Amino acid sequence: MWRNPSTVRSLRLTCVNSTGSGSARIAARVYYPAQSAGRDAPLKARSGGWPALVFLHGLGGLGRFYTDLGAHFAARGYIAVQHDTGQFSSATQARDAAALFSILRTETNSTTSFFRGAFDMQRIAIGGHSMGGGNTIRTLAANIGYRAGIGWAPWDHGSQNY
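This one's a predicted model, so the numbers in the text were calculated from it and none came from an experiment. (Residues numbered from 1 in each chain as written. Predicted model: local features only at pLDDT ≥ 70, side-chain atom pairs only at ≥ 80, totals over all residues. Heavy atoms only, no water.)

Each helix and strand in the chain was counted, giving three helices and six strands. Written out in order from the N terminus, the α and β elements of the chain read β-β-β-α-β-α-β-α-β. The globule rule puts the C-alpha radius of gyration for 162 residues at 15 Å, and the 15 Å found for the chain is close to it. Based on the C-alpha atoms only, the size of the chain along its principal axes is roughly 45 × 30 × 25 Å. Residue pairs at least 24 apart in sequence account for 63% of intrachain contacts in the chain once pairs closer than 6 positions are excluded. (Helix = DSSP H or I, 4+ residues; strand = E, 2+ residues; numbered from the N terminus. Rg over C-alpha atoms; globule rule 2.2 N^0.38 Å. Contact = heavy atoms within 4.5 Å.)

In this section: the pattern of salt bridges. Scanning the model with the defined rule gives three salt bridges in all. Between Arg-123 and Asp-120 there is a salt bridge whose closest N-O contact spans 2.8 Å. The class for Arg-123 is partly exposed, based on a relative accessible area of 38%. In this structure Asp-120 comes out as buried when scored by relative accessible area, which is 15%. (Salt bridge = Lys/Arg side-chain N within 4 Å of Asp/Glu carboxyl O. Buried < 20%, exposed > 50% of the residue type's maximum accessible area, 1.4 Å probe, protein only.)

Moving on: the packing of aromatic side chains. Inspection of every chain in the model, using the stated rule, returns eight aromatic pairs. Ring geometry for Phe-101 against Tyr-146: centres 5.2 Å apart, planes inclined by 70 degrees, an arrangement best described as edge-to-face. With Phe-101 in helix α2 (residues 90-109) and Tyr-146 in the loop between α3 (131-141) and β6 (148-152), this residue pair connects regions lying 45 residues apart in the sequence. Neither residue differs from the other here; Phe-101 and Tyr-146 are each classed as buried. (Phe/Tyr/Trp six-rings, centres within 6.5 Å; stacked < 30°, edge-to-face > 60°.)

A word on the packing of α2 against α3. Contact geometry for α2 and α3: axes closest at 9 Å, N-to-C directions at 50 degrees. Considering their axes alone, α2 and α3 lie oblique with respect to each other. The crossing of α2 and α3 is right-handed. Residues Ser-90, Gln-93, Ala-94, Ala-97 and Ala-98 of α2 touch α3, and the partners they reach there are Met-131, Gly-132, Asn-135, Arg-138 and Thr-139. Its residues placed into classes, the contact of α2 with α3 shows four nonpolar, five polar and one charged. (Axes fitted to C-alpha atoms, helices over the stretch in contact; angles between N-to-C directions. Parallel < 35°, antiparallel > 145°, perpendicular 65-115°, else oblique. Left-handed = near helix turned anticlockwise from the far one by under 90°. Nonpolar A, V, L, I, M, F, W, Y, C, P; charged D, E, K, R; others polar.)

This paragraph deals with α3. Of all the eleven residues making up α3, eight are buried; the element is thus mostly covered by neighbouring parts of the structure. Listed in full, the buried residues belonging to α3 are Met-131, Gly-132, Gly-133, Gly-134, Asn-135, Thr-136, Arg-138 and Thr-139. Looking at the buried residues of α3, the elements they touch are β3 (50-56), α2, β5 (119-129) and β6. Phi for Asn-143, located one or two positions after α3, is positive at around 55 degrees.

On to the nonpolar core. Side chains of a nonpolar character, in soluble globular proteins, are inclined to be buried together. Of all hydrophobic cores here, the largest spans 29 residues; its most connected members are Val-54, Ile-79, Val-81, Phe-115, Phe-119 and Ile-124. Contributing elements (two or more residues each) for this core: β1 (8-16), β2 (25-33), β3, β4 (79-83), α2 and β5. A per-element tally of this core places α2 first, with six residues. Once you skip the residues sitting within four places of it in the chain, Ile-124 turns out to touch Ala-52, Val-54, Phe-101, Leu-104, Phe-119, Tyr-146, Arg-147 and Ala-148. Core analysis: the second largest hydrophobic core is formed by eight residues, Phe-73, Ala-74, Ala-75 and Ala-125 among them. (Core = buried A, V, L, I, M, F, W, Y, C linked by side-chain atoms within 4.5 Å.)

Below is the structure:
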């Protein structure tokens, strides 16, 4: 397993959501294994792409508030995509989480994306804290394409039975 915390970098990613569900634009802070130390270091290449974790924040938070978690996963060979929409809306966060899987596929297949070839689409997990943990369960139940999930203290806002 690749481990090197000194070459973890992050960048802000804002994408147009063309799925027709969720926010028109979806923003995230993305932590990734870099080729070298330094600002704007390129992504370390990996045949077949990197496994990734899409992380959903808790109520009132944003993904970028969880910097240690993003850096932790990236230092261990994952790309951590920390979702920044739906700060106070569980429904928006759930729709955006579903759209993010499609957006990651688009990014990894795009010839102009920083993340071209970056994601192993067979190894994309979703996880979240509190409201994000509840939406992790909701998103997995909808079978969008995520392969695994984990909820840290998941909270269900009560609009749906599991």
